[in-house]
Amino acid sequence: MTLHALLFDVDGTLADTERDGHRPAFNQAFADAGLDWHWDVALYGKLLAVTGGKERMKYYIDHYRPDYIKPGNFDELVADLHKAKTRHYIALAARGEIPMRPGVGRLLAEARAAGLRLAIATTTTPENVTALLEHSLDPDSPGWFEVIAAGDIVPDKKPAPDIYHYALEKMGLDPIDCLAFEDSQNGLRASLGADLKTLVTVNDYTLDHDFTGAAVVLSDLGEPGAPNRIVAGPDFGQPFVDVAYLRALHRG
Ligand code: XBP
Ligand code: MG
């Protein structure tokens, strides 16, 4: 059991994409289509119970809009809205409006230098991941990841473990030699379902989630000048996450 690879969730883990990226992009797509659907910050937090943008829109209609009469082509409407939403999200990312969370760029650089293999395992649409990485991390950064496992590539989204299984299989990896990075209960259920030891960094939407089973729960990855906070789990006496920290966590 040696640490060989790191598998990263994207939304909420690499960047705070949900509140300031996906949510406004959905709202812009709804307004473009002349719909009176609007997701404020609090409502969006509730809708995050469901992963996947198309799935989230259907859940909203079923649970929050009993007044809405679904047209015969409802699935098509949702698919079109989702395409428009993806265009808006990519435009937001391209304007550099969705920065990486603290420590992410530094840790990825250190991991690459240490020869650790990298992958992405996310529920979101692949184009969103590429746009975010290119504009908020490094123009070449999509190439840093051996596999970008994303979106509808597997039938069942998180909390199902399928996307992690897919990435592990593509890379020929045993989960025992890896660490996963997540920010939410649904994400953690997915990574634990794939037998991955998991480091959680929380955000405003996920602070109250149940992270039972996580190897550690931290406020963020931290930076040398901006220490992180341990929410739950072991204290290695290190104020930020680096490769040495990851190796200790993986061993522990
Ligand atoms: C991410 C999601 C996604 C995004 C929207 O979850 O739930 O649905 O909010 O993405 P995770 P799309 O961080 O656990 O992967 O609209 O592209 O589906
Ligand atoms: Mg997430």
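Residues numbered from 1 in each chain as written. Chains lettered and ligands numbered in written order. Predicted model: local features only at pLDDT ≥ 70, side-chain atom pairs only at ≥ 80, totals over all residues. Heavy atoms only, no water.

1. Regarding the coordination of the magnesium ion (ligand 2)
Think of it this way: four donors in a tetrahedron around the metal ideally sit 109.5 degrees apart, and six in an octahedron ideally sit 90 or 180 degrees apart. Summarising the metal site, the magnesium ion (ligand 2) is bound by the protein donors Asp9 (OD), Asp11 (O) and Asp183 (OD), whose distances to it range over 2.1 to 2.2 Å. Along the chain, the residues donating to the magnesium ion (ligand 2) are arranged with the sequence spacing D-x1-D-x171-D. Of this pair, Asp11 sits in the loop between strand 1 (5-8) and helix 1 (17-32) while Asp183 is found in the loop between strand 4 (178-182) and helix 8 (185-193), placing the two residues 172 residues apart along the sequence. Note on accessibility: Asp11 and Asp183 belong to one class, buried. (Donors = N, O, S within 2.8 Å, 3.2 Å for Na, K, Ca; no water. Helix = DSSP H or I, 4+ residues; strand = E, 2+ residues; numbered from the N terminus. Buried < 20%, exposed > 50% of the residue type's maximum accessible area, 1.4 Å probe, protein only.)

2. Describing the domain arrangement of the protein
The assigned domain composition of the protein is domain 1 (5-16 + 99-251) and domain 2 (18-94). Between the C-alpha centres of domain 1 and domain 2 the distance comes to 25 Å. Between domain 1 and domain 2, the residue contacts involve 16 residues of the former and 21 residues of the latter. With both sides pooled, the region where domain 1 packs onto domain 2 buries about 1,500 Å², and carbon together with sulfur makes up 51% of that total. The largest per-residue losses of area from domain 1 upon contact with domain 2 belong to Asp11, Asn128 and Tyr205, which jointly make up 38% of the total buried on that side. The interface formed by domain 1 and domain 2 contains two salt bridges. Note that Glu55 and Lys157 form a salt bridge whose closest N and O atoms lie 3.1 Å from each other. (Domains from an automatic or database assignment. Contact = heavy atoms within 4.5 Å. Buried area = accessible area lost by both parts, 1.4 Å probe. Salt bridge = Lys/Arg side-chain N within 4 Å of Asp/Glu carboxyl O.)

3. Looking at the site of ligand 1
What surrounds ligand 1 is a group of 18 residues, the closest being Gly52, Gly53, Arg56, Lys85 and Thr125. At 2.6 Å, a side-chain N or O of Lys85 approaches an oxygen atom of ligand 1. The separation between an oxygen atom of ligand 1 and a polar side-chain atom of Thr124 is 2.8 Å. The protein chains hide 98% of the 460 Å² of surface that ligand 1 would expose on its own. Elements supplying a minimum of two residues to the shell around ligand 1: helix 1, helix 3 (53-64) and helix 4 (74-94). For the shell around ligand 1, the element with the most residues is helix 1, which contributes three residues. Within the shell around ligand 1, the residues separate by chemical class into two nonpolar, 10 polar and six charged. Domain assignment of the residues forming the shell around ligand 1 places at least three in each of domain 1 (5-16 + 99-251) and domain 2 (18-94). (Near = heavy atom within 4 Å. Polar contact = N/O pair within 3.5 Å; in protein donor to acceptor, adjacent residues only side chain to side chain. Areas by Shrake-Rupley, 256 points an atom, 1.4 Å probe, with all protein chains shown as cover. Nonpolar A, V, L, I, M, F, W, Y, C, P; charged D, E, K, R; others polar.)

4. So, the environment of Leu92
When you line up the elements, Leu92 lands in helix 4. The spatial distance from the C-alpha of Leu92 to the C-alpha of His22 is 9.3 Å, given a sequence separation of 70 residues. Setting aside residues up to four positions removed in sequence, Leu92 forms contacts with Asp20, Gly21, Pro24, Ala25, Glu97 and Ile98.

5. A few points about the pairing of strand 4
The element strand 4 is largely enclosed, with a buried count of five among its five residues. Neither face of strand 4 is open: one carries Cys178, Ala180 and Glu182, the other Leu179 and Phe181, and all of them are buried. Pairing of strand 1 with strand 4, which is carried by four bridges, proceeds in the parallel orientation. Across the sheet, the residue bridging to Leu7 is Ala180, located in strand 4. As defined by bridge partners, strand 4 adjoins strand 5 (residues 197-201) across four bridges and the pair is classed as parallel. Considered in strand 5, the bridge of Ala180 is made with Thr198. After leaving strand 4, the chain enters helix 8 and then returns to the sheet as strand 5, a path that is right-handed. (Pairing = 2+ DSSP bridges. Right-handed = clockwise from strand over helix to strand, strands pointing away.)

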